[in-house]
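Each chain is listed here by its residues.
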Amino acid sequence: MEAVLQTKGLLSLPSKPKTKAFYPLPLGGLRHRFNSGHSLNTLKPNLLNGLSLSSNGFQKFQCFTTKPQLFGQKNRFFPICKAEAAAAADGQPLFAEKEPPKFMGIELVTLKKIIPLGAMFFCILFNYTILRDTKDVLVVTAKGSSAEIIPFLKTWVNLPMAIGFMLLYTKLANVLSKEALFYTVILPFIAFFGAFGFVLYPLSNYFHPTAFADKLLNSLGPRFLGPIAILRIWSFCLFYVMAELWGSVVVSVLFWGFANQITTVDEAKRFYPLFGLGANVALIFSGRTVKYFSSLRSSLGPGVDGWAISLKAMMSIVVMMGGAICFFYWWVNRNVPLPTRSQKKKVKPNMTTMESLKFLVSSKYIRNLATLVVAYGISINLVEVTWKSKLKAQFPSPNEYSSFMGDFSTATGIATFVMMLLSQWIFDKYGWGAAAKITPTVLLLTGIGFFSLILFGAPLAPALAKFGMTPLLAAVYVGAMQNIFSKSAKYSLFDPCKEMAYIPLDEETKVKGKAAIDVVCNPLGKSGGALIQQFMILTFGSLASSTPYLGGVLLVIVLAWLGAAKSLDGQFTTLRREEELEKEMERASLKIPVVSQNENGNSSLSSGSSFNPAGGDSTSASSEPSSPRSL
């Protein structure tokens, strides 16, 4: 039996075992036991015999050390296992603590965070869908305006107001507390939308400078319809900008800033993807809401402004949802403790525009990634504005236009929900390259069909009449499909691909590349399409006249997008292989301790270096016969 125990290197009981007493954990806990003036490296070996790897009863490895005495105790020693001490030194509890209460496998403390956050996210995105659909109806279907107003509105009104708001937000953040800052930012939004539905829109005919705008239009010509329309319907344009800011400020800044403040990393990894699915559920419900209130016109009598009544109902819902957002925020701040954070802050490079441009030019990998971001922003803008101009031609009434946008939002939510469920399978089955090419391919195919119906609709009219559609209606449906599929592919595939592309980069390139793309490429992608359309409208006189050229620009941009995705796929795959090779080399370089027999017949560790969990020096420990060799 001794031979078996020695060759197998198993633990054996000492030849003369002694009874050992176990005592309860002191009130001070593990921190008191190890931090009361005693270091693990200075613990004296206990006089009691511990377990050993020897079969002849001689002590080879001392496995028990003394425990400091407690307050009020005299010369009493308590044996504790050194393995437990090593675990304690690594931050692990010595004894199993009582598990916190759980519901369906989730801690109640976590549920107190996640459920209110999910409700806040649902209300915010519910409002955003209503506001997004309403803002398009207001500025596109207004008298004396059209879809040509959107490029000018985004560039000359929306962008300056967004920059001004962020400067104001930065100054307020230095003065107010986080809770006061949240209410200071969100309450003006809620008040404005409520006032617009009940005051500004009903009285808009009294303060809109319609006569002055007509004089300007007669003197400057129809090619300046877009800029003049901003002046003509300035209150509607203000609603448009506030609705745009709701998406960027309330969603990105307020909600995600608050969520990152109260959640841990583990909770974020587990529950943030569920917020994405919940966002699409909110999109479906809000689309149905817009559809319902936009259809009220059919039940009203003659001479009644059905759009004004629908607008009051939808803005009332926006105000109520805003109140719910504030309530959930207040409840979480009063009932949920904030997690402890490390005081160590990550250094983020503050790159100027010129420094960002230089860094973009210097790296091919970052250039390709920047091409993806800019190409998406330009191409989706080119098609969307042209589509909305055809949508107004098909549905000139605000109620009809809003009703169609409600169906559009619902379909977008359903498509995105399905694509998010399929995205994991696409990544696993076809890899990063195929997933990155799906979004530009969808934009290319649907864009070709959309512009073909606009340019060559007359020859196709007899064939489309068999399906009960005109070329204009077919172009509206194909454009809607283009927007639905491209946006669902963007949320479920394009955004994850973009973030995954940063992973294999070294830390400096990763941080600087992301900063450069945030500084240069995001604004360029958003405003690039609008600038191209403004140039086309001012050059050719109208958006309809510039449609063939916009189709050609879209084709060039999407082909460049596909080329950048193909090039980036090769570089991404190469970096991933190098990363895996480095990991394999690191695993191969590790030395694993092996238990073998020494010449005395006792089992010992044979390795290039001994492992001392107590943190002591192995060389000095082996030089003293009385010091134990820790296992």
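Since the structure is predicted, the reported quantities are computational estimates derived from the model, not experimental observations.

### Quick notes on the overall build of the protein chain
Next up, step 1: When helices and strands are tallied, the protein chain shows 20 helices and six strands.
Next up, step 2: Counting every position in the protein chain, which comprises 631 residues, the buried fraction comes to 45%.
Next up, step 3: Contacts in the protein chain between residues at least 24 apart in sequence constitute 77% of all its contacts with a sequence separation of at least 6.
Next up, step 4: Roughly 33400 Å² of accessible area belongs to the protein chain as shown, and the carbon and sulfur atoms make up 64% of that amount.

### Some details on the confidence of the model for the protein chain
Next up, step 1: On average, residues of the protein chain score 75 in pLDDT, and 71% of them reach the 70 mark or higher.
Next up, step 2: Looking over the protein chain, one finds the lowest element-wise mean pLDDT in helix H20 (residues 618-623), namely 40, and the highest in helix H6 (residues 178-200), namely 94.
Next up, step 3: Every residue in residues 1-15 is under pLDDT 50, and counting partners more than four places away or in other chains gives 22 contacts.
Next up, step 4: In this model, residues 603-631 is a region of pLDDT below 50 whose contacts with residues beyond four sequence positions or in other chains number 44 contacts.

### Observations concerning the layout of surface pockets
Next up, step 1: Considering only enclosed or pocket space, the second largest pocket measures out at about 400 Å³ in volume.
Next up, step 2: As for the second largest pocket, its lining consists of 18 residues, and the residues nearest its centre are Ala142, Lys143, Ser204, Asn205 and Phe236.
Next up, step 3: Looking at the lining of the second largest pocket, the elements with two or more residues in it are helix H4 (108-141), helix H7 (204-207) and helix H12 (306-335).
Next up, step 4: No other element matches H4, which puts three residues into the lining of the second largest pocket.

### A look at the environment of Val442
Next up, step 1: With respect to the element layout, Val442 can be found in helix H15 (residues 398-455).
Next up, step 2: Each C-alpha atom of the pair Val442 and Asn483 lies 9.6 Å from the other, and the pair is 41 residues apart in sequence.
Next up, step 3: Those residues in contact with Val442 that lie beyond four places of it in its chain are Gly447, Phe485 and Ser486.

### Regarding the side chain of Ser204
Next up, step 1: Position of Ser204 relative to the elements: it lies in helix H7.
Next up, step 2: Classification of Ser204 by relative accessible area gives buried; the value is 5%.
Next up, step 3: Apart from residues lying up to four places away in sequence, Ser204 is in contact with Ser235 and Phe236.

### Things to note about the pattern of salt bridges
Next up, step 1: Following the criterion strictly, the structure yields twelve salt bridges and no others.
Next up, step 2: Across the pair Asp407 and Lys291 runs a salt bridge whose closest N-O atoms are separated by 3.1 Å. Of this pair, Asp407 sits in helix H15 while Lys291 sits in helix H11 (residues 265-294), and the two are 116 residues apart along the sequence.
Next up, step 3: Asp495 serves as the salt-bridge partner of Lys490, at 3.4 Å between the closest nitrogen and oxygen. Comparing Lys490 with Asp495 shows no difference in burial state: the two are buried.
Next up, step 4: In this structure, a network of salt bridges that share partners links the residues Lys135, Asp136, Glu244, Glu384, Lys388 and Lys487.

### Some thoughts on the packing of helix H5 (residues 149-175) against H6
Next up, step 1: Across the interface, H5 lies against H6 with an axial gap of 10 Å and an inter-helix angle of 145 degrees. As for how H5 packs across H6, the hand of that crossing is right-handed. On H6, the residues that touch Phe165, Tyr169, Leu172 and Ala173 of H5 are Leu181, Thr184, Val185 and Phe189.
Next up, step 2: For the contact of H5 with H6, the class distribution of residues is seven nonpolar, one polar and no charged.

### Description of a nonpolar patch on the surface
Next up, step 1: A contiguous nonpolar patch, built from Phe198, Val199, Leu203 and Tyr206 and spanning about 450 Å² of accessible area, is present on the exposed surface.
Next up, step 2: Considering the arrangement of structural elements, one finds Leu203 in the loop between H6 and H7.
Next up, step 3: The class for Leu203 is partly exposed, based on a relative accessible area of 40%.

### Observations concerning helix H10 (residues 234-262)
Next up, step 1: With 29 residues, H10 should reach 42 Å at 1.5 Å per residue; the first-to-last C-alpha distance of 40 Å fits that figure.
Next up, step 2: Considering bend angle alone, the principal kink of H10 is centred on Val250 and spans about 30 degrees.

### Here we look at the nonpolar core
Next up, step 1: By size, the foremost hydrophobic cluster in this structure holds 132 residues, and its most contacted members are Ile186, Phe189, Phe193, Trp246, Met315 and Trp387.
Next up, step 2: Looking at this core, the element that brings in the most residues is H10, giving 17 residues.
Next up, step 3: When we break this core down by domain, the ones giving at least three residues each are domain 1 (103-338) and domain 2 (351-588).
Next up, step 4: Ignoring any residue separated from it by four or fewer positions in sequence, one finds Trp387 in contact with Phe404, Met405, Phe408, Phe450, Ala475, Val476, Gly479, Ala480 and Asn483.

Reading the values: rules and limits
Note on numbering: residues in each chain are counted from 1, in written sequence order. Local features in this predicted model are restricted to residues whose pLDDT is 70 or higher, and side-chain atom pairs enter the listing and the counts only when it is 80 or higher, whereas totals over whole chains, interfaces and linings include all residues. Side-chain metrics in this entry use all non-hydrogen atoms of the structure; hydrogen atoms and water are not considered. Elements are defined by DSSP. Helices are runs of H or I of four residues or more, strands are runs of E of two residues or more, and each kind is numbered from the N terminus. The buried label goes to any residue with under 20% of its type's maximum accessible area, the exposed label to any with over 50%, and the partly exposed label to all in between, with areas taken from a 1.4 Å probe on protein chains only. The contact criterion used is simple: two residues touch if any of their non-hydrogen atoms lie within 4.5 Å. Method for areas: the Shrake-Rupley scheme with a 1.4 Å probe, in which residue coverage is limited to the protein chains shown. Every residue carries a pLDDT, the predictor's confidence in it, which falls somewhere between 0 and 100. Two kinds of site are reported from a 1 Å grid over the protein atoms alone, namely cavities, where a 1.4 Å probe fits but cannot get out, and pockets, open sets with protein on both sides within 12 Å along at least five of seven lines, and residues are called lining when an atom falls within 4 Å of a point. Grid points are joined across faces, edges and corners, and a volume is the space filled by probe spheres set on the points. Each salt bridge in this description consists of a side-chain nitrogen of Lys or Arg and a carboxyl oxygen of Asp or Glu lying within 4 Å of one another. Only C-alpha atoms enter the line fits that serve as axes; for helices the fit covers just the stretch in contact. Angles between N-to-C directions range over 0 to 180 degrees. Helix crossings get a hand from a simple test, with the near helix turned counterclockwise from the far one by less than a right angle marking a left-handed crossing and a clockwise turn marking a right-handed one. Ten residue types, Ala, Val, Leu, Ile, Met, Phe, Trp, Tyr, Cys and Pro, are classed as nonpolar, four, Asp, Glu, Lys and Arg, as charged, and the remainder, Gly among them, as polar. Exposure above 30% relative accessible area and no salt bridge define the residues that can form patches, which grow by joining like charges within 9 Å and nonpolar side chains of Val, Leu, Ile, Met, Phe, Trp and Tyr within 5 Å. What a helix is expected to span follows from its residue count: subtract one and scale by 1.5 Å. Two axes enter the definition of the bend at a residue: one is fitted to the seven residues ending there, the other to the seven starting there, and the bend is the angle between them. Definition used in this section: a nonpolar core is a set of buried Ala, Val, Leu, Ile, Met, Phe, Trp, Tyr and Cys residues joined via side-chain atoms within 4.5 Å. Annotation comment: domain bounds sourced from an automatic or database domain assignment.

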